[in-house]
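Here are the chains, one letter per residue:
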Amino acid sequence: GEVFSEIPVGPGGANITVNPLNWKQVSLTGPERITLWTLEQCGPQTIQSPMEICLPELSCPVGHSDSFDSVVTAVEHKLSEKVDKMVSEGTSLFAVPDMTSVLYSESYNKFAASKKRVVPESQCWGPCPQTLYIGCRGGQILAVDSESGVVTILANPQVIKEKSGSVEEDTSSGPQTGHAVLGEGCAQVMGVSKRGLFSGGQSGGLWCFDLANNLNVLDSWKNDSSIASLVLSPSCNRLALGTSNGEVHVMDSTHLKTTSCAAKHGYSPIMGIDVLTPGTSHCVTCRAEGFIQVWEMERGNHISTLQLPYKCSSLVCPSSSSTAVIGTTKGSLCIVSLVDPSQPKLVLTRRMHSSAITYLRCDQYGRFMASLSHTGSVMVYKASPSTKCAVLGHTEILGDLLELSILATGQGDEDDTMFSVLSQHGSKTVITVFHIPNKSSEQVVSELCEGGTSRLSAVFTSKREFTLAEPVHGFSLLSTTHMVAMVTSTKMLAKFILPTAVVAQQKELAPHSVHSSHELAGGLTKLSLNQKLLGSIAPDGKLIMRLADNLERPLLLNCHHHSRGGCDGLAFSSDSYRVFTTGDNGTLSCWEWELTAHGNIKATQAAEFNAKHIQRLESAQTAENVALASMSPLPLQGLHAEQEEDTKQWLQHIVEETHRAEDEKYSEAKGKLRQELSSLREKVVAMIAANEMLPSIEQLERKEFILDTEEHKRLQADEDAYIQKICEEIELSNLTKMYLRDKIKRECWDSMKVKGKVVKAFQSKLEVRNYALIHRREASLNELERIKAHRKIEIAEQEVRKLASKPDPGPAVEDRGGTGEEEAEGKEQGDPDALRGSHGSRYGGECDLLRDQFELYSPVSKMQQTCLLQDCIYHIKETFNKEFDDVSKAKEAEIARIIEKNARIRKIVKDLKLSESIIEPTLDPAEQPESFLTVQDSEIKAEKYITPEEQKGLQEAALAEEKKRLAEIGDNPRERALEMMMYGRLEANAEEELFKDLARPDFMLKDPAEMTEDEIRMAKEFEKKEAAFLEEREKLKKALEAEFKKLQSSIVQSMEQFDERLHKLFELKIRTETAVLQEELKILRLALALMVEEEVAMKEEVLNQELEKKKSAKAETSSAVSSAKRHVEEYREVYDRTQAEDREMDKSFKKDFSDCEPFLEPLYKLYRKRPRGQRLKPAPSEGGFLQEAISQNSSGERPPSALLGGGGGGPRSFDDPMAELDDLSNMPEGLSLSAWERFVSARRRKVESEQKVKATALKLAEMTAFLKKRQAEDESVQSMIQDTFRQLNKLQEDKMVFDLNLEIQFLLKQGQIEVDPGEFVPDFSDSVLIHRSAVEELNSQIKSIGEAKLSIMTEAKDFKKGIYSLKWEFKKLLMLEEDLIEKAKDIQMLKVTKELQHRLMDLDHSQEKDQKDIAALESALELVEKTHHNNVLEKKRILSKYQSQVEGMEEENKNKEKELLELWLQVQERKGIDKLAGLPAAEVNREKRMNEIVTRRKMVDLVKSQAQEVTVLRTEVERLRRRTFPALVQID
């Protein structure tokens, strides 16, 4: 039929199902979402409407219902609302901290990617036309409403397990639910019937769940293997299951226990294929799980299956018998009799190899058979089952055995069979060829093997080996001299010529010719029976056929897909008419030739060859088949794979039997040899023991006792080879490490201009690192120079423009110039780094080419500024590194000076025999990074291995050096004399001499009474000399101790000074790092601005692309609307025409039946009458719920035809609803039969016309709905276009604002920030940056207003002060008035005495008397003051006298302390001398010492008394001095 519609599936594949109840709905399930496609139709116009349904999360609970598609809409709606709100409010998209978060962060892709969701594996449509059931990998079951897109989770075992800890439920209280049985791999196949939902999968279980009752388990069935497929019959009464092992089970859907195994074919990969003799009717395959299957060639029917208890690896069918020989993975041969292909039977098993038999081959005449395993040997057998596949022998081949090929040169006894084996020995590919004669006489069999063993004789079999120039695979023998194989490296088919004669120095075989072959490496080649056709297969899935004598013309056929492994097996029928291939992980394909005229000739020749071949082997086949028929089959029930491993290998059994026979035959001789060996061993051991007792010069070497020198040499050679191998491996490993070291050094060390380095303090943990700088690339430097040149040109151009645009001087210009000068002065007064945004210029980062931050508008200027800032950072780091290098050199110099001082300190410590620790500062490895690249001998803990040759060389060098030294000192009388007379030194060391003890004369050992006068005199002189010597030694010790302390203090002081300098460097590093970070912050801000501009450009491009898409969508929707309008108008005309025809039929009724005038009225009533409940009734059948739902199908013109053919498949029978009305019983009486029949026909036409009108009306309504939906879509697209236009305009406006609204970095002091600091960092979001002049102007205004306010307040204060003064005067006058009144009262009340009267009467006399009294008092006061002044002067004189005495006494005390110190030193010296001199000297000085002690005691007492007197005098002076102070007494 014609293509109705095409639905895009998309990448990754999908599971596709069509709704059986609504053919216009198609579901596609993928790994991430579900897509429901709905087909809409309007006349010839069709549209596919997809509904994307996102899969639910794994954590969703059971019963959760949500339209996950609405999440996408909600997110997009939320984003659209946010953008619209910003547009309506006039807010810039760049006002948020990260504009990209608004544009991209809330997209659905991020939302979906952050959640783990279920993975669907199966799907099926339910009984309701709009319900789709989805089975997921974790056992979840979902129900999807195809109309609303709502997903309901029916089962989620993972959530149940997380809540309860186990998915098991207690079924004792109720039915078991699906949550308890479902799990991983339990919903891989699904199906729905009227009974419920069937689910199964990898677990092997099948369950039927009740959809109406909480998914309770209605029925279940368990299988050992997993369920791979599930199919329900159209009536839903039968259920078919396919398992992973190839079984097909059929069961009743109402009762799952009633099941039957309809077929058992096996599903594992096919390991081998061959044709069964006579090779034209049957072929045999074996699968990995042990299934032996027989297939009919003609029709491809499966004939029989035999399951072996072993795992198979290879297969061959000898042409001399109706058997199949199978090789297993454990190395056994299994012979299966196929005399009756429908009843295969296992007749023999033998274990031949210790590992899997990878290849089994048989010659074309069925005479010989050979088997091969990768790590074993090649076994050769007789291919006749009557001999039980007797082993002729085996041959061992070095290396890994890869493939095997056999070619019979003829069928006669004089001919032989050629065997070839492909092996890989190290890096060499070797072909081993040997021949076995067809003649099977006893003489030939005896000569075939070596010395009665089972090993084939290399001489008798003409065994040869050929080394190939290249690795190959898939080889086959074309003849005794030609071979084909596929080259592994080039994937070409190569033809080789095998030499017939043995050459002494044979070269590697190179391909004689090369031909095109497969695209992928691997595969095999095979010849047809008549040796005319050569076929090759490979993992690319292609079959290439060639003529064996003409390899240039290949015929290529795509058999299997390369993504599923391609081809892995190939076989020809005996007449070469059919070719069999296997692949695709278990697929068997049969290919037949389409013969041309020339091909018919070739096919006839092949058939004739096959007929002759069958005729030659007929007698042998008959005999072998008779023998097979007589063999009893082995019971498969008693065989197990474990028993195969316990069975002994044939070769092992033969070796044991041979050894046993040899032991029995030569037991006496072996016993004698053992005794002789034992005695010989005892003698050798005794000789070795005696040799060890001899002197070393008479001992023999151990190798002299070795008897088997050849074995010793072999072992020594093996050991040397092993050591050489280990040395080579170590050398390769060292080379690898050296290469890595050199690469790391080249990339991370040599590329550095300044290496990373550290300077550490001496006495603290402070350390300072320099800046590691890499060599700047030449391209970067060139780009920097280009930018600098560009900036210089720009600056020069700006200067020229300023000069050219400078106006003439005038008044206005002068005023403006004054303002500019003021601004310049303001800038000079302010911080010059404030507007730069960093302190980089203070630390070497000065650059005059940097743009002002207020000029960075264009992206080019920002990129240039970034490059210049990076150059500034580089210079800042270089400046700091110079200071760092100076400090580093200073530390090295300081350490050198300390080392010099430590040499002197060590000498002093050694001389004084002190235990003081010495400060020995060293450089840390981090301070010498070069030391990391060299390995010192002290760092290697393991002992260095020195070879005997190196040891010998070192000894010879040492002997030569010793001889040279002896020769130099042998004839040197000067050095010999110096050593003998002056102990090898020309100058004497005074310090060493002083620390040596004086040699006492021998006579001093005598008793003083026995000494002579001269000896006594000499003894006294020696004692004086010894005392002076000891005194000098003590002085030297003190001097050395003082020098030691001085050196130590100088070392500590120098270290402290260096630490202070390092601390200053650390502070510089902090300030430098601050400047670098400030510059980097600028770079980051510029990079952010560039990134935002790029993102805006990308967003603008995205919006433009979206606008173009929407415009194209608008064009499509407009076209769809116009097309739909046209179709609706056309169909409306059809509907009107049909309706008019129906009305016309109603009108023409009376005209048509005008001859029945009496019956016209009742006939018209019958004409208008219609049957009640007119509907379609199906005949009784076994149809299920699907057939019942046919009446619910309202999806268009196409009925579900696939469902109407269910049940019996015959035609449907329907009840005609009009039959009752057409019955003659309804005919009016008196009406003729012809008129009634004419009436019935007219009524039927009327009913059909009405049905046609209704159908046309329904279709018209559907087309009208289609038109309205398209119009709504067109309006929606139009509104989306307008929204996109609005967003694009807003984005362009915001882009313009962003380009002009620059972000400037300032350096502000703490007083310049008047923002609330908050808890941690000030919030500048609502802050405003104000120019300094504005603040200063505001401050000046505030000051002027404040001063004005102060003046006003002062005036008010003064005015109030005058008021307060008047009030005070008023109160004062009032009080005076009161006082005067009181005085007047007192005067009135005063008693007047005589004295008072006299004074009042004689006022002048009283005044004179008062003056006299005053004068007398004044003279007395002057006398007292003069006396006091004299007393003070006297006291001062006495005080000065006492102070001079105190000063004299203090000076005297200082002198006394010095004398006391000297006396103490003398006393200590004397004590030391007395200790050395002994008791006589102590007795002599005892009285003197006592006098000194007494004198010192008196002086101390005198000093104490004088000190007390001075203290008293000071106290008195202080008291007198305080008496002269004026007394300032505060009067309340």
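Residues numbered from 1 in each chain as written. Predicted model: local features only at pLDDT ≥ 70, side-chain atom pairs only at ≥ 80, totals over all residues. Heavy atoms only, no water.

This brings us to the pairing of strand 26 (residues 359-362). Of the pairings in the sheet, the one linking strand 26 to strand 27 (residues 368-372) comprises 4 bridges and is antiparallel in character. Bridge pairing links Tyr359 to Leu372 in strand 27. Linking two consecutive strands that pair antiparallel, namely strand 26 and strand 27, is a turn of 5 residues; a positive phi of about 70 degrees is found at Gly366 within it. (Pairing = 2+ DSSP bridges. Helix = DSSP H or I, 4+ residues; strand = E, 2+ residues; numbered from the N terminus.)

Per-residue confidence for the protein chain gives a mean pLDDT of 80, with 84% of residues at or over 70. Across residues 68-76, confidence stays below pLDDT 50; counting only partners more than four residues off in sequence or on other chains, it has 11 contacts. (pLDDT = per-residue confidence, 0-100. Contact = heavy atoms within 4.5 Å.)

Moving on, we come to the packing of aromatic side chains. The final tally for this structure, using the stated rule, is 14 aromatic pairs. Ring centres of Phe368 and Phe419 lie 6.4 Å apart, and the angle between their planes is 65 degrees; on these two criteria the pair is classed as edge-to-face. Linking Phe368 in strand 27 with Phe419 in strand 31 (residues 416-425), this pair joins segments that are 51 residues apart in sequence. A ring pair is formed by Phe1149 and Phe1153, whose centres lie 4.8 Å apart and whose planes are at 40 degrees; its orientation type is tilted. Residue class for Phe1149 comes out buried when judged on its relative accessible area of 1%. Since its relative accessible area comes to 2%, Phe1153 is described here as buried. Grouping aromatic residues by their ring pairs yields a cluster made of Phe1149, Phe1153, Tyr1164, Tyr1167, Trp1236 and Phe1239. The ring of Phe762 has Lys891 lying over it, and the distance from NZ or CZ to the ring centre is 5.2 Å. (Phe/Tyr/Trp six-rings, centres within 6.5 Å; stacked < 30°, edge-to-face > 60°. Buried < 20%, exposed > 50% of the residue type's maximum accessible area, 1.4 Å probe, protein only. Lys NZ or Arg CZ within 6 Å of the ring centre and 35° of its normal.)

A complete count under the given rule lists 0 disulfides for this structure. A disulfide-free cysteine, Cys334 has its sulfur positioned 6.7 Å from the sulfur of Cys312, the nearest such atom. Using a relative accessible area of 0% as the deciding quantity, one classes Cys334 as buried. Lacking any disulfide linkage, Cys567 is separated from the closest cysteine sulfur, that of Cys559, by 4.8 Å. (Disulfide = S-S within 2.5 Å.)

Here we take up the pattern of salt bridges. Under the counting rule described, the total for this entry stands at 51 salt bridges. Among the ionic pairs, Glu296 bridges to Arg299, the shortest N-O distance being 3.5 Å. Two residues, Asp1274 and Lys1114, come together in a salt bridge whose shortest N-O distance is 3.3 Å. Of this pair, Asp1274 sits in helix 24 (residues 1233-1300) while Lys1114 is found in helix 19 (residues 1013-1147), placing the two residues 160 residues apart along the sequence. Neither residue differs from the other here; Asp1274 and Lys1114 are each classed as buried. What you see here is one network of salt bridges that share partners, running through Glu40, Lys1269, Arg1270 and Glu1273. (Salt bridge = Lys/Arg side-chain N within 4 Å of Asp/Glu carboxyl O.)

Moving on, we come to helix 21 (residues 1160-1168). Taken residue by residue, helix 21 has Leu1160, Leu1163, Leu1166 and Tyr1167 as its buried positions. With its buried residues spanning 125 degrees around the axis, helix 21 presents them on a single face. Residues of helix 21 that are exposed and point more than 90 degrees away from the buried face comprise Glu1161 and Lys1165. (Arc of directions from axis to C-beta.)

Before going further, it helps to examine the side chain of Ser199. Among the secondary structure elements, Ser199 is positioned in strand 11 (residues 197-200). Of the residues examined, Ser199 reaches a relative accessible area of 0% and is grouped as buried. Only 2.7 Å separates the side chain of Ser199 from the backbone oxygen of Cys186, close enough to count as a polar contact. (Polar contact = N/O pair within 3.5 Å; in protein donor to acceptor, adjacent residues only side chain to side chain.)

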